[in-house]
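Residues per chain are reported as follows:
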Amino acid sequence: MPECKVWRNPLNLFRGSEYQRYNWQVKPLTYYDMNLSAQDHQTFFTCESDAGKQEFEIMQRAWRERNPQSRIKAAKDALEKNPECCTAIILLAEEDTSSECMYITLNGRMTVKFFQKAAEKRLCNAEKMFKQAYKTAEISYRKSQQTQHQNLQHEATYRRDTNVIVYIKRRLAMCARKLGRTREAIKMMRELMKEFPTLNLFNIHENLIDALLEVQAYADVQALLAKYDDISLPKSAAICYTAALLKARAVADKFSPDTASKRGLSTAEMTAVEAIHRAVEFNPHCPKYLLEMKSLILPPEHILKRGDSEAIAYAFFHLPHWKKVDGALNLLHCTWEGTFRMIPYPLEKGHLFYPYPTCTESADRELLPGIE
């Protein structure tokens, strides 16, 4: 039986620019989720050679702080010690909203137009800070790249500097994607995957899938799936449901359940339905969010593969892509429940995957706010 492993959400939102604006209503992230992020950041951005350097010791504490303002203050303190401490700039880019304009309400309600402008301003501020961090990170990376083979300490420094530069460039690509510069984002993601082909730490291919679907570059998405939808690689809702979407695209616009029940499914329709059944077997929670039978909430920073948290994260970003394909959601609506006729006892026996794990509910309860 596979264990319930929690993974970092490849499309996680920006805390300051996106999550923070909802804090007055509800805490969008659980402490468990944020603690996992703190552990991630300590793993990605620290190494043994940092010992004795004040700015890095401050950042060690900053990642562990629960209070956002304490984290931001610590990062600013680190920058006072060293203005080129790029991990401190990363934290401020992710979380600091002090420079944003205040919300303006009209008759007690925020205007949609202003809300969009304020969100864009926050993302632009984050992008500026990431660009500043990238300049410093690139210098450190080139320097450690040349000395990595000298000893184990230099090798650890090089790994850290690699994580930092990849993290920053990926976040810059995500800023470009969110600010409407999708082609630029695609170019940056492709460059990252070419320069660091063995670094799967951040699952950048899932960011690229989302960006390619946004510009409806379906042939490019199919080529990407040919590489990553492989039996030897870990699956995800993004991989399985994107494969189903591409198969559905070939038949969905003309699909009619009445006609199909009379004449049977065509070969192409059968292929699409099988792809949907495969996706549903992997994560049975996604259809209800894609079909808007369940309300979406903000996705967590970590997800449980095959769990409700993964379904929320997938639908949050990919529902618009399904809506762009004429008839795709109708085909999903008509066929997804058929999965359970094929595997009536998914907790005991699977078809293409292991039986559905029984531990997802308790793990998702830790990741998702408001689930008791």
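Scoring rules and cut-offs
- Note on numbering: residues in each chain are counted from 1, in written sequence order.
- The predicted origin of the model limits local features to residues at a pLDDT of at least 70 and limits the giving and counting of side-chain atom pairs to 80 or more, whereas totals for whole chains, interfaces and linings rest on all residues.
- Only heavy atoms go into the side-chain values, all of them from the structure, while hydrogens and water stay out.
- UniProt positions are given in the numbering used here, feature names are shortened, and annotations may be inferred rather than shown by experiment.
- Secondary structure elements follow DSSP: runs of H or I no shorter than four residues count as helices, runs of E no shorter than two count as strands, and numbering proceeds from the N terminus.
- For every residue, the accessible area (1.4 Å probe, protein chains only) is compared with the maximum for its type, and the residue is labelled buried under 20%, exposed over 50%, or partly exposed between those bounds.
- In this description, accessible areas are obtained by the Shrake-Rupley approach with a 1.4 Å probe, and a residue is regarded as covered only by the protein chains that are shown.
- We call two residues in contact when some of their heavy atoms are within 4.5 Å.
- Disulfides are defined in this document as cysteine sulfur pairs within 2.5 Å.

As recorded by an unreviewed UniProt entry, the protein carries the name Protein ST7 homolog and is attributed to Mytilus edulis. Under the UniProt heading Subcellular location (unreviewed entry), the note attached to the protein is "Membrane". Recorded in UniProt for the protein, the comment headed Sequence similarities (unreviewed entry) runs: "Belongs to the ST7 family."

Draft legend 1. Representation of the overall build of the protein. Summing up its helical and strand segments, the protein has 18 helices and four strands in all. The buried share among the 372 residues of the protein stands at 53%. In the form shown here, the protein has an accessible surface area of approximately 18900 Å², with 52% of it arising from carbon and sulfur atoms.

Draft legend 2. Inspection of unusual backbone geometry at higher detail. Unusually for a residue other than glycine, Asn203 sits at a positive phi of about 50 degrees. As for its placement among the helices and strands, Asn203 is situated in the loop between helix H8 (182–195) and helix H9 (204–214). Look at Asn203 and you get buried, because its relative accessible area is 15%. In this structure, Gln216 takes a positive phi of about 60 degrees despite not being glycine. By secondary structure assignment, the location of Gln216 is in the loop between H9 and helix H10 (218–228).

Draft legend 3. Seen up close, the side chain of Asn12. Structurally, the position occupied by Asn12 is in the loop between strand S1 (6–8) and helix H1 (15–19). What Asn12 contacts, discounting residues up to four positions off in sequence, is Arg170, Arg171, Met174 and Glu301.

Draft legend 4. Region of interest: the environment of Phe56. Its place among the elements puts Phe56 in helix H3 (residues 54–64). Among the residues examined, Phe56 registers a relative accessible area of 15% and is labelled buried. Sequence separation between Phe56 and Phe45 is eleven residues, and the spatial gap between their C-alpha atoms is 9.2 Å. The residues contacting Phe56, other than those within four sequence positions of it, are Asp50, Thr87 and Arg160.

Draft legend 5. Geometry of the state of the cysteines. Taken as a whole and judged by the stated rule, the model has zero disulfides. The closest cysteine sulfur to the non-disulfide-bonded Cys175 is located on Cys124, 8.5 Å from its own sulfur. The cysteine Cys286 is free of any disulfide, with Cys240 supplying the nearest cysteine sulfur at 9.2 Å.

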